Amino acid sequence: MTNTGRGPRPRGAWWREGAVTATAFVLCLLGGVVQVDDTLTAPPAAAYVIALVSCAVLPLRHRAPLAALAATTASGVLVAPLGLLLSPLIVAPALITAYSYALTGRTERRAAGAVLGTSVVLLVASTPLFGGVSWQDASRMGAVAAFPLMAGVLGHSVRNRRAYLAAVEERARRAEESRDGEARRRVAEERVRIARELHDLVAHQITLANAQATVAAHLFDIRPEQTRKSLRELVETTGHALDELRSTVGLLRQSGDTAGPAEPAPGLSRLPALLASFRGAGLEVSVEQEGTARPLAPGVDLTAYRIVQEALTNVTKHAATGTARVHLVWNRDRVTITVADDGESEDEGAAGYGLIGMRERATAAGGQLSAGRRPEGGFLVSAELPLPPARSGGAP
């Protein structure tokens, strides 16, 4: 949008203002070169006066567009009385202020049209009042009348376009905030639900186990039989607590999941098998590594595995491409994982809650994650995760 004058204008804006003012001044002088008898002479003093007065108000058209339009119109009205030829060139400042007046949009459309129409009438009315009107004069008057109106229509169109783009950006921003807020709300609700289940089903047994352990410790020396009984009850209580914990965690499984033997959580050591599964699905994945690989903490290792898994899943589902690249860079204190593709789909950047989940995993592990479209095309997911401190050379 145009600057309203309430703050300092950027340095580039001053250069543009100078260029516009200088151009308008030159056009005014060129208009003064043409005389009434269609001969060309050096610009008379009157042409310099018109150019100076009308161009001096141009830098003010952003703060006071109506006043600037009135001043340039008044300068144009003086063209014929001063013996100059009325033409679109000599009223160029009026064209510029007409555009700026329509662009600012500080008045209603009808009021702006009335102001521009009045300006046009004043510009062309001076010629018949100070001499006869020939066919050449009529054609020049028609051009002078048409150009300010065209400038006003152009300014109004540009203002509508800027307002439309601003509205689109605002809707996009609100939609993004709404989506992030909905994701945070769902995560918070799920955490509350899990906390409630854990509290209701496990807290009672843990409290009872603590009481039984306290009794057993108190009676250990004076009542051995009572102590053994309390310990047997403690074993039963902790067994029930473990059963309740398994049931609560089981609520997080899908309905079709079956309880299987526990196995280690996946990590980057299982990356080849993960990539093989995607290759089997038709996605060609290449892997590059820089630096020396080091063991990760279990939680960080699982996070790294899940980020690669989710990023490649998004490529398979949303990107219009059959290739992807995984790049791991091992530094002194962190590992950087990037997953890139060359797809052109616009849906990959809005892949549901997957990106939000990856960011939460990276943040929880002490790292950070960024994702977005690449300037050269495609999509990029980049995560930095911390590494444990390297052991000294003498450590076992």
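For the structure, check the block above.
Rules and cut-offs
- Residues numbered from 1 in each chain as written.
- Predicted model: local features only at pLDDT ≥ 70, side-chain atom pairs only at ≥ 80, totals over all residues.
- Heavy atoms only, no water.
- Helix = DSSP H or I, 4+ residues; strand = E, 2+ residues; numbered from the N terminus.
- Buried < 20%, exposed > 50% of the residue type's maximum accessible area, 1.4 Å probe, protein only.
- Contact = heavy atoms within 4.5 Å.
- Areas by Shrake-Rupley, 256 points an atom, 1.4 Å probe, with all protein chains shown as cover.
- Core = buried A, V, L, I, M, F, W, Y, C linked by side-chain atoms within 4.5 Å.
- Expected span 1.5 Å × (residues − 1).
- Arc of directions from axis to C-beta.
- Salt bridge = Lys/Arg side-chain N within 4 Å of Asp/Glu carboxyl O.
- Pairing = 2+ DSSP bridges.
- Axes fitted to C-alpha atoms, helices over the stretch in contact; angles between N-to-C directions.
- Parallel < 35°, antiparallel > 145°, perpendicular 65-115°, else oblique.
- Left-handed = near helix turned anticlockwise from the far one by under 90°.
- Nonpolar A, V, L, I, M, F, W, Y, C, P; charged D, E, K, R; others polar.

Q: Sorry, what's going on with the overall build of the chain here?
A: A tally of helices and strands in the chain yields ten helices and five strands. For the chain, with 396 residues in total, the buried portion stands at 34%. Of the contacts made within the chain by residues no fewer than 6 positions apart, 72% connect residues no fewer than 24 positions apart. Total accessible area computed for the chain in this model is approximately 23,500 Å², and 61% of it derives from carbon and sulfur atoms.

Q: Help me understand the nonpolar core in this model?
A: Most often, soluble globular proteins keep nonpolar side chains buried together rather than apart. Residues Leu296, Leu312, Val326 and Leu385 are the most contacted members of the largest nonpolar core, which totals 34 residues. Per-element accounting of this core gives the leading share, eight residues, to helix α9 (residues 298-318). In terms of nonpolar packing, the next biggest core, distinct from the first, is built from 15 residues, Ala47, Leu84, Ala94 and Val120 among them.

Q: Help me out: how do you make sense of helix α4 (residues 92-104) in this one?
A: Think of an α-helix as turning once every 3.6 residues; residues three or four places apart then point the same way. For α4, which comprises 13 residues, the first-to-last C-alpha distance of 19 Å matches the rise-based estimate of 18 Å (1.5 Å per residue) to within 8%. Taken together, the buried positions of α4 are occupied by Ala92, Pro93, Ala94, Leu95, Thr97, Ala98, Ser100, Tyr101, Ala102, Leu103 and Thr104.

Q: What am I meant to see in helix α3 (residues 65-77) here?
A: The end-to-end C-alpha distance of α3, which contains 13 residues, comes to 18 Å, matching closely the 18 Å that a straight helix rising 1.5 Å per residue would cover. Listed in full, the buried residues belonging to α3 are Pro65, Ala68, Leu69, Thr72, Thr73, Ser75 and Gly76. Take α3 and look down its axis: the buried residues cluster within an arc of 155 degrees, on one side only.

Q: Help me understand the pattern of salt bridges, please; the structure alone is not making it clear to me.
A: A side chain with one charge may pair with a side chain of the opposite charge, provided their charged atoms come close. The full count for this structure, using the stated rule, is twelve salt bridges. Note that arginine 186 is salt-bridged to glutamate 182, the shortest N-O span being 2.9 Å. Here the residue arginine 186 and the residue glutamate 182 both occupy positions in helix α6 (residues 135-219), the gap between them amounting to four residues, near one helical turn. Its relative accessible area of 24% is what places glutamate 182 among the partly exposed residues.

Q: Before we go on, may I ask you to explain the pairing of strand β5 (residues 379-386) in this structure?
A: A regular strand places its side chains so that they alternate between the two faces of the sheet. As defined by bridge partners, strand β3 (residues 334-341) adjoins β5 across eight bridges and the pair is classed as antiparallel. Looking at the pairing, arginine 334 lines up with proline 386 of β5. Pairing between strand β4 (residues 368-373) and β5: six bridges, direction antiparallel. Bridge pairing in β5 links glutamine 368 to glutamate 384. Once β4 ends, the chain turns through five residues before running back antiparallel as β5, passing glycine 377 with a positive phi of about 110 degrees.

Q: Would you mind showing me how to read the packing of α3 against α4 here?
A: Angle between the axes and distance between the axes: these two values describe a pair of packed helices. Here α3 crosses α4 at 160 degrees, and the two axes come no closer than 9 Å. Considering the angle they form, α3 stands roughly antiparallel to α4. Once α3 is placed against α4, the crossing between them reads as left-handed. Across the interface between the two elements, Pro65, Leu66, Ala68, Leu69 and Thr72 from α3 touch Pro93, Ala94, Thr97, Ala98, Ser100, Tyr101 and Thr104 from α4. Tallied by class, the residues present in the contact of α3 with α4 amount to eight nonpolar, four polar and no charged.

Q: I would appreciate a short explanation of the environment of valine 287 in the present structure.
A: Following the sequence through the fold, valine 287 ends up in strand β1 (residues 284-290). A relative accessible area of 36% places valine 287 in the partly exposed class. With 41 residues separating them along the chain, valine 287 and leucine 328 place their C-alpha atoms 7.9 Å apart. Leave out the neighbours within four places in its chain, and valine 287 touches Leu275, Val326 and Leu328.

Q: Whenever I open this one, the sheet that holds β3 confuses me. Can you help?
A: Strand pairing in a sheet is mediated by backbone hydrogen bonds. Such pairs are either parallel or antiparallel. Spatial ordering of the open sheet is given by β1-β2-β3-β5-β4, a layout of five strands whose pairing is mixed. Only two strands of the sheet have a single partner each, and these edge strands are β1 and β4. Across the sheet, the mean angle separating the axes of adjacent strands is 10 degrees when strand polarity is ignored.

By themselves, these observations are geometric and do not establish any function.
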